[in-house]
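# Notes for the structure review
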Amino acid sequence: MAAEMTPPAAAPAFLTSAGWGNARIEPLAGDASFRRYFRVIDAGRRAVLMDAPPPHEDPRAFLRIARHLCAQGFAAPKILAEDLNAGLVLLEDFGDARMREMVDAGDVDEAATYAATIALLAELHRHPPAAVPPYSRAELHREAGLFTEWYCPAAGLKVDAETYHAAWNIVFDRIGDAASVTVLRDYHAENIMLRAGRDGYAHLGLLDFQDALVGHPAYDLVSMLQDARRDVPPAIETAMLVEYQRIACPGPDFAASYAIFGGQRNAKILGIFTRLWQRDGKPRYLDFLPRVWGYLERDLAHPALAEVLAWFDTNIPANKRNDCLKVSA
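Structure report, in brief. (Residues numbered from 1 in each chain as written. Predicted model: local features only at pLDDT ≥ 70, side-chain atom pairs only at ≥ 80, totals over all residues. Heavy atoms only, no water.)

### What about the overall build of the protein chain?
- Scanning the protein chain from terminus to terminus reveals 12 helices and 9 strands.
- For a compact globule of 329 residues, the expected C-alpha radius of gyration is about 20 Å, and the protein chain comes in at 20 Å, within 12% of that figure.
- By principal-axis analysis of the C-alpha atoms, the protein chain measures approximately 60 × 45 × 40 Å.
- Residue burial in the protein chain is summarised as follows: out of 329 residues, 52% are buried.
- Counting only contacts in the protein chain whose residues sit at least 6 apart along the sequence, the fraction spanning at least 24 positions is 73%.
- Only carbon and sulfur atoms are counted for the fraction: they give 54% of the accessible area of the protein chain, which is about 14,200 Å². (Helix = DSSP H or I, 4+ residues; strand = E, 2+ residues; numbered from the N terminus. Rg over C-alpha atoms; globule rule 2.2 N^0.38 Å. Buried < 20%, exposed > 50% of the residue type's maximum accessible area, 1.4 Å probe, protein only. Contact = heavy atoms within 4.5 Å. Areas by Shrake-Rupley, 256 points an atom, 1.4 Å probe, with all protein chains shown as cover.)

Here it is as structure tokens:
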């Protein structure tokens, strides 16, 4: 077994204390963070072991949001046991039917599954938000700045970061007023599990929400419909935006807000995926950059992002976009 998927040394004692001492531990997955996941199997029952090793990770935020979502009737994993000092959490197992693979294989209807994700967001946005910090303008700027901090140097670009943030500041002034909602922040097809025997949004099991903040309802729509990891058909993106606006009635400026958060998120992702390659030794994330660039170019074409588009046209030549890092890697 590869070292990165070897169970943590504290796992056997933790599982014994939780009543799973005879369980078999199997590698399940890692992600873009330091967290790792294992499946725990004991006769006819299964659970998921999260390894969130301190000091790199702290599972408290995950536990808080999971309990908040469960209390509101959403399908976050139930917490079966926890050891915060060791960074170990035993979770309900939602199985193997992940939205990404099920949709790609044609095992479920793509449009209907996306419609369920939109219905879930609309319902989530009707509930009081979680007790988490706001998605502040300072945070939006910090995230957008990951593009100039990581992508631009990797692409050999010397850019004007000060005017970059000035352009975003003008654009952020155009974000429409909206009720503050829980923003899960990583709401996409690889973080949705399809639960058997349930209909509508109850069919969807939620994962990877520990970074939730209180912010604008457009953000998680962008995360789902401009998915960095899979191509969402443009017709489905358009239809789902119409459906969300039909259900939630967010106001006439919602399309502009969606484009603004799309531009901000995709610029951020270009920076994060470059960082995952350069700092964390995960070059596979470079494969997603052309798709993310495509989303970003489309978002920048919206009039609400005119100043940011002008900055990109001045600072980022065409041959430094799309797959240039993939070639240089």
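### Structural notes on helix H7 (residues 218–225)
- Most of H7 is tucked away: 8 of the 8 residues are buried.
- Along H7, the residues classified as buried are Ala-218, Tyr-219, Asp-220, Leu-221, Val-222, Ser-223, Met-224 and Leu-225.

### A closer look at the nonpolar core
- Membership of the largest hydrophobic core comes to 93 residues, with the highest contact counts inside it found for Phe-147 and Phe-312.
- Examining the composition of this core, we find that 12 residues originate from one element, helix H9 (residues 254–278), more than from any other. (Core = buried A, V, L, I, M, F, W, Y, C linked by side-chain atoms within 4.5 Å.)

### Looking at the pairing of strand S4 (residues 79–83)
- Pairing geometry for S4 and strand S5 (residues 88–92), over 4 bridges, is antiparallel. Residue pairing in the sheet places Glu-82 in a bridge with Val-89 of S5.
- From the end of S4 to the start of S5, which pair antiparallel, there are 4 residues, and Gly-87 there has a positive phi angle of about 70°. (Pairing = 2+ DSSP bridges.)

### Here's the deal with unusual backbone geometry
- Here the residue pair Pro-54 and Pro-55 is connected by a cis peptide bond, since its omega of 5° sits within 30 degrees of zero.
- Inspection of the secondary structure assignment puts Pro-55 in the loop between strand S3 (45–51) and helix H2 (60–71).
- If you check the backbone angles, Ala-43 has positive phi at about 55° while not being a glycine.
- As for its position among the elements, Ala-43 is in the loop between strand S2 (36–42) and S3.
- Phi at Arg-185 takes a positive value of approximately 80°, unusual for a residue other than glycine.
- Its location among the elements puts Arg-185 in the loop between strand S6 (181–183) and strand S7 (192–194).

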